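Listed below are the residues making up each chain.
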Amino acid sequence: MKILVQGITQPIGSYYAARMKAYGTNLVAGVSAGQGGQTLHGIPVFDLVEEALSEVGYCDATVIFAESYSALDAALEAIDAGLSPIILVTGGIPPLDMIHLLAKAQARETLIVGPSSSGIIVPGKLLLGTQECEFYTPGTIGVISRVSTLTYEVALALTQAKLGQSIAVNLGSEAIIASSFRQWLEILAQDKRTEAIVLVDQTGGDSEDETAEFIAQAIEKPVIAYVAGQYTPEDKQVGDTSAIIAAQLSGPIANTTTAQHKVAAFKQTNIPVAEYPSKIPDLVKKALKYH
């Protein structure tokens, strides 16, 4: 795969571009407006995506580290160039920008991960974003998460149990995210390397009923769920900045955002739910044994 990095001259972009390249990811070009013509970590830098692609040819994906106020323009430029998936590491993108971006992505059938995503890792092969690769080992367990740092605890628990991972995807933890659990469940359901799937969710959002029903009806592979905050009081559960503000303005949050409701939705459709991340490997092994 040939990978592009947008915002590569940003301090965080430069740092993680070096880490991605060291992991073996084939970074062929970087883009930073006004910074073209230089080379960073052996990677040529261009002012525009179009200029980069005309020089290095077609790319399979892009990772965006642009600042929040310019992330929309960077993502639209990537969509217009036909890049997919797009990994949005950038956080704090204005909600109206995200709505605009999602409409464009849907119209062009572009897969976007994020914002505020630590990206995608295929252990031993590919790193797209800021995932901490030392917790992962190659294997057959797919991980789809809304919580970036907790993903590493889950990966470590799986690794220590000798359950390697086929892929790990962090969807992002903000109020408006691009791709969903359902989209990635469909992708991993078709992935021949993935034998079982672990979902890592958190408080906030209200799609768990739809997700659970979709798993029950359409996913034949074993799915294990973990929801962060199961033992947090219901009136204290918030998943992102916008939810915190909403809670402060309106009092206790709605039941549909609580971890308890998410757990109940999964259990109602017979999806095993781990009480703690350390319990996930046992549930995975049990599910694979009887699958």
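Residues numbered from 1 in each chain as written. Predicted model: local features only at pLDDT ≥ 70, side-chain atom pairs only at ≥ 80, totals over all residues. Heavy atoms only, no water.

- The name an unreviewed UniProt entry gives the protein chain is CoA binding domain protein, with Coleofasciculus chthonoplastes PCC 7420 as the organism.

Brief notes about the overall build of the protein chain
At step 1: Scanning the protein chain from N- to C-terminus turns up ten helices and 14 strands.
At step 2: In the protein chain, buried positions account for 53% of the 291 residues.
At step 3: Contacts spanning at least 24 positions in sequence make up 73% of the contacts within the protein chain whose residues lie at least 6 apart.
At step 4: Looking at the protein chain as shown, the accessible area adds up to about 13100 Å², and 53% of this sits on carbon and sulfur atoms. (Helix = DSSP H or I, 4+ residues; strand = E, 2+ residues; numbered from the N terminus. Buried < 20%, exposed > 50% of the residue type's maximum accessible area, 1.4 Å probe, protein only. Contact = heavy atoms within 4.5 Å. Areas by Shrake-Rupley, 256 points an atom, 1.4 Å probe, with all protein chains shown as cover.)

Some remarks on the nonpolar core
At step 1: Ranked by size, the top nonpolar core spans 68 residues in total, and within it Ile144, Trp184, Leu185, Val198, Leu199 and Val284 carry the most contacts.
At step 2: A domain-level breakdown of this core finds at least three residues from each of domain 1 (3-113) and domain 2 (132-290).
At step 3: Each residue touching Leu199, except ones within four places of it in the same chain, is listed here: Ile144, Phe181, Leu185, Thr211, Ile215, Val223, Ile224, Ala225, Tyr226 and Phe266.
At step 4: In this structure, Val28, Ala52, Leu88 and Ile112 belong to the second largest nonpolar core, which totals 27 residues. (Core = buried A, V, L, I, M, F, W, Y, C linked by side-chain atoms within 4.5 Å. Domains from an automatic or database assignment.)

Some remarks on the pattern of salt bridges
At step 1: Enumeration according to the criterion identifies six salt bridges in this entry.
At step 2: Arg108 serves as the salt-bridge partner of Asp80, at 3.4 Å between the closest nitrogen and oxygen. Within this pair, whereas Asp80 is found in helix α3 (residues 71-80), its partner Arg108 is found in helix α4 (residues 95-108), the two being separated by 28 residues in sequence.
At step 3: Residue Glu210 is joined to Arg182 by a salt bridge in which the shortest nitrogen-to-oxygen separation is 3.6 Å. Here Glu210, found in helix α7 (residues 208-218), pairs with Arg182, found in helix α6 (residues 181-189); they are 28 residues apart in sequence, far enough to count as distant.
At step 4: Given a relative accessible area of 47%, Glu210 falls into the partly exposed group. (Salt bridge = Lys/Arg side-chain N within 4 Å of Asp/Glu carboxyl O.)

Remarks on the packing of aromatic side chains
Given two aromatic rings, one states the distance between the centres and the angle between the planes to describe the pair.
At step 1: Enumeration according to the criterion identifies three aromatic pairs in this entry.
At step 2: On the basis of an interplanar angle of 85° and a centroid distance of 4.8 Å, the ring pair of Tyr15 and Tyr16 is categorised as edge-to-face.
At step 3: A relative accessible area of 13% places Tyr16 in the buried class.
At step 4: One aromatic cluster is present, formed by Tyr15, Tyr16 and Phe65 through successive ring pairs. (Phe/Tyr/Trp six-rings, centres within 6.5 Å; stacked < 30°, edge-to-face > 60°.)

What about the sheet that holds strand β11 (residues 165-170)?
The pairing of strands in a sheet comes from backbone hydrogen bonds and takes either a parallel or an antiparallel form.
At step 1: Taken together, the seven strands give an open sheet; going across it, the order is β9-β8-β11-β10-β12-β13-β14, and neighbouring strands pair in mixed fashion. If you trace the sheet from one side to the other, it starts and ends with β9 (126-129) and β14 (273-274), each paired once.
At step 2: Where strand β10 (residues 138-145) and strand β12 (residues 196-201) come together, five bridges link them in parallel fashion. Looking across to β12, one finds that Ile141 is bridged to Ala196. (Pairing = 2+ DSSP bridges.)

Structural notes on the side chain of Ser166
At step 1: Of note, Ser166 is situated in strand β11.
At step 2: Within polar-contact distance, the side chain of Ser166 engages the side chain of Thr194 at 2.7 Å.
At step 3: Not counting residues up to four positions away in its chain, the partners in contact with Ser166 are Val122, Pro123, Gly139, Thr140, Ile141, Gly142, Asp191, Arg193 and Thr194. (Polar contact = N/O pair within 3.5 Å; in protein donor to acceptor, adjacent residues only side chain to side chain.)

Some words on helix α9 (residues 259-268)
At step 1: For α9, the full list of buried residues reads Ala259, His261, Lys262, Val263, Ala265 and Phe266.
At step 2: Immediately downstream of α9, the backbone of Asn270 shows phi near 65°, a positive value.

Some words on unusual backbone geometry
At step 1: Cis geometry is adopted by the peptide bond preceding Pro85, which originates at Ser84 and carries an omega value of 5°.
At step 2: With respect to the helices and strands, the residue Pro85 is situated in the loop between α3 and β6 (86-88).
At step 3: Here the residue pair Gly114 and Pro115 is connected by a cis peptide bond, since its omega of 5° sits within 30 degrees of zero.
At step 4: Mapped onto the elements, Pro115 comes out in the loop between β7 (112-113) and β8 (119-122).
At step 5: Here Lys162, not a glycine, exhibits a phi torsion of approximately 60°, which is positive.

Let's talk about the sheet that holds β6
At step 1: Taking strand neighbours across the sheet as the criterion, the seven strands line up as β3-β4-β2-β1-β5-β6-β7 in an open arrangement whose pairing is mixed. Edge strands, defined here as strands with exactly one partner in the open sheet, are β3 (39-40) and β7.
At step 2: The strands touched by helix α1 (residues 11-23) within the sheet are β1 (3-6), β2 (27-31), β3, β4 (43-46) and β5 (61-64), with β2 carrying the most contacts at an inclination of about 170°. (Axes fitted to C-alpha atoms, helices over the stretch in contact; angles between N-to-C directions.)

So, the side chain of Thr194
At step 1: Here Thr194 is to be found in the loop between α6 and β12.
At step 2: Residue classification places Thr194 among the buried positions, given a relative accessible area of 2%.
At step 3: Side-chain polar atoms of Thr194 contact the side chain of Asp191, separated by 2.7 Å.
At step 4: Residues contacting Thr194, with those up to four places away along its chain left out, are Thr140, Gly142, Ser166, Leu188 and Lys221.

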